[in-house]
Amino acid sequence: MKRILTLIAIAMPLVGLAQWPTHHGNNARTGKTNISIAANPSIVWSVDLQGPVTSSPVVAADGTIYVGATWREERRPRSFVTAINPNGTIKWQYETKWVDYQTHASPALGPDGTIYVGDASGAFHAINPDGTQKWKLQGTEPIRACPLVSPDGAIYIQMDNQLRALRPDGTEKWRYDVNINWFGAPTLDPNNGAIYTNTDQGLVALNPDGTKKWTSWVGSGGTVAVHPNGTIILLGYFMAVIDPATGETTTYLNGGNSYEPDVTPSIDSAGNIYVIKSWSLVKYTPALTKIWERQFIEGNMLGTSHGSALIDGQDRIVQGMGFGKRWAIGIEKAIRIYNTAGTLLKVINLPEIPGYSSPAIGPDGTLYIGCVDGRVYAIR
């Protein structure tokens, strides 16, 4: 265990040092960065993408912000992946096929700067940093999942009810039947190289060559996070701690319908775990003992959140609010920032709700989040 902890201590701070390149910030999906936000942040700019932004931004080392396929609400609707400069101007837009369905799958960035993203038409795109197409794979079902890009450049994406492993040139290494089309992302274990993904039979651990290590029969959930102590944190309509060697469940909490299966757990520098339970933020120990719960309440109004929380370099917890409806109550049209004691430090009001768009952070500490009013907001 000492060796595992040493590896984690070396690997985890390096991820996100200069960028937020993937869903939940890093391939272990912890939501943690060592970059700190401003003490009293406010909106500094917004850019209009002309249609609800439901994916979460990712940020490259040079500060460029990328947003997944987003509708442009015109007489003839269109869909674009967008690159935004750090000053809020649009760098380029890459058009994807429009269909009458919207996915909130986020992009992921490769080691060479390639942008990988799926769209609602079932296409998986590799886009060069200048906005030109590198290659494209066309599937049949909407791609709901976010990609995983390993340090060696291998790409993992769930499409057409399979997890596919691809080389940087788009050729296939292997595929594994998962038999579901889910929201979330595969997770890479930095200790053993395993890839964790959901299937119709539960969580599965795969070796880098595509062979199965184990299946956890506790059930399917959302994107898992790899804890600094080496365990796996699974959130579905329950919470579970899973042994990475065997797939056995060591701790289990039945949350009924209160947990959000499309939310990814977040882990602070002390190893405490934060999850969204629709109407509240909950802090747990690594063994899932509840420390506190803070309801999203304002006056006599109870708000909700369906996004995943970002944890900055000072362990401040940043989350977007809202369920995805334009008529949501005022409390949901905001970003909320808490400290580890559960004290609400700051509310940043927005014209509309972030919904499923979770916050990302840039190299200079600027927060970015999408909104259903069609804008991406920069906050610092």
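As the structure is a prediction and not an experimental result, all values here were calculated from the model.

Points about the sheet that holds strand 20 (residues 238-242)
Pairing in this open sheet of four strands is antiparallel, and the strands run 18-19-20-21 from one edge to the other. Of all the strands in the sheet, just strand 18 (225-226) and strand 21 (249-254) have a single pairing partner and so form its edges. As paired strands, strand 19 (residues 232-235) and strand 20 are joined by four bridges and run antiparallel to one another. Its bridge partner lying in strand 20, Leu-234 is registered against Ala-240.

Considering the nonpolar core
Core analysis: the biggest nonpolar cluster contains 27 residues, and Trp-45, Ile-84, Val-318, Ile-335, Ile-361, Leu-367 and Val-376 have the highest contact counts within it. Those elements giving two or more residues to this core turn out to be strand 1 (43-48), strand 3 (65-72), strand 30 (334-338), strand 32 (360-361), strand 33 (367-370) and strand 34 (375-379). Ranked by residue count, the leading element in this core is strand 34, at four residues. Discounting residues that sit within four places of it in the chain, Val-376 has contacts with Trp-45, Ser-46, Val-47, Leu-49, Val-53, Val-67, Ile-84, Ile-369 and Gly-370. In terms of nonpolar packing, the next biggest core, distinct from the first, is built from 22 residues, Val-241, Val-263, Leu-281 and Val-282 among them.

Here we look at the environment of Glu-74
Inspection of the secondary structure assignment puts Glu-74 in the loop between strand 3 and strand 4 (78-84). Residue Glu-74 is classed as partly exposed on the basis of its relative accessible area, which comes to 32%. Expressed as a C-alpha distance, the spacing of Glu-74 and Gly-51, which sit 23 residues apart in the sequence, is 8.8 Å.

A closer look at the pairing of strand 11 (residues 155-159)
Taking burial as the measure, the five residues of strand 11 include five buried ones, the bulk of the element. Here strand 11 shows two buried faces, one formed by Ile-155, Ile-157 and Met-159 and the other by Tyr-156 and Gln-158. What sits between strand 10 (residues 148-149) and strand 11 in their antiparallel hairpin is a turn of five residues, with Gly-153 showing a positive phi close to 95 degrees. Taken together, the five bridges between strand 11 and strand 12 (residues 162-166) define a ladder with antiparallel strand orientation.

Some details on the side chain of Thr-70
Positionally, Thr-70 belongs in strand 3. A relative accessible area of 3% means that Thr-70 is categorised as buried. Among the polar contacts made by the side chain of Thr-70, one reaches the main-chain carbonyl oxygen of Gly-68 at a distance of 2.8 Å. Thr-70 has contacts with Gly-51, Pro-52, Val-53, Arg-78, Ser-79, Phe-80 and Gln-102, leaving out every residue within four places of it along the chain.

Observations concerning the side chain of Thr-264
Inspection of the secondary structure assignment puts Thr-264 in the loop between strand 21 and strand 22 (266-267). The exposure class assigned to Thr-264 is buried, which follows from its relative accessible area of 1%. Excluding its chain neighbours within four sequence positions, the residues that come into contact with Thr-264 are His-23, His-24, Arg-29, Thr-223 and Ser-308.

Some words on the confidence of the model for the protein
Atomic detail in the predicted coordinates should be set aside for any region of low pLDDT. Of all residues in the protein, 92% attain a pLDDT of 70 or more, and the chain-wide mean is 90. The model gives residues 1-18 a pLDDT under 50, and that stretch makes 26 contacts with residues more than four places away or in other chains.

So, the pairing of strand 25 (residues 290-295)
With five bridges joining them, strand 24 (residues 280-284) and strand 25 adopt antiparallel strand pairing. Opposite Leu-281, over in strand 25, you have Arg-294 as the bridge partner. In this antiparallel pair of consecutive strands, strand 24 and strand 25, the connection spans five residues, and Leu-288 shows a positive phi of 70 degrees.

Cut-offs applied
- Residues numbered from 1 in each chain as written.
- Predicted model: local features only at pLDDT ≥ 70, side-chain atom pairs only at ≥ 80, totals over all residues.
- Heavy atoms only, no water.
- Pairing = 2+ DSSP bridges.
- Helix = DSSP H or I, 4+ residues; strand = E, 2+ residues; numbered from the N terminus.
- Core = buried A, V, L, I, M, F, W, Y, C linked by side-chain atoms within 4.5 Å.
- Buried < 20%, exposed > 50% of the residue type's maximum accessible area, 1.4 Å probe, protein only.
- Contact = heavy atoms within 4.5 Å.
- Polar contact = N/O pair within 3.5 Å; in protein donor to acceptor, adjacent residues only side chain to side chain.
- pLDDT = per-residue confidence, 0-100.

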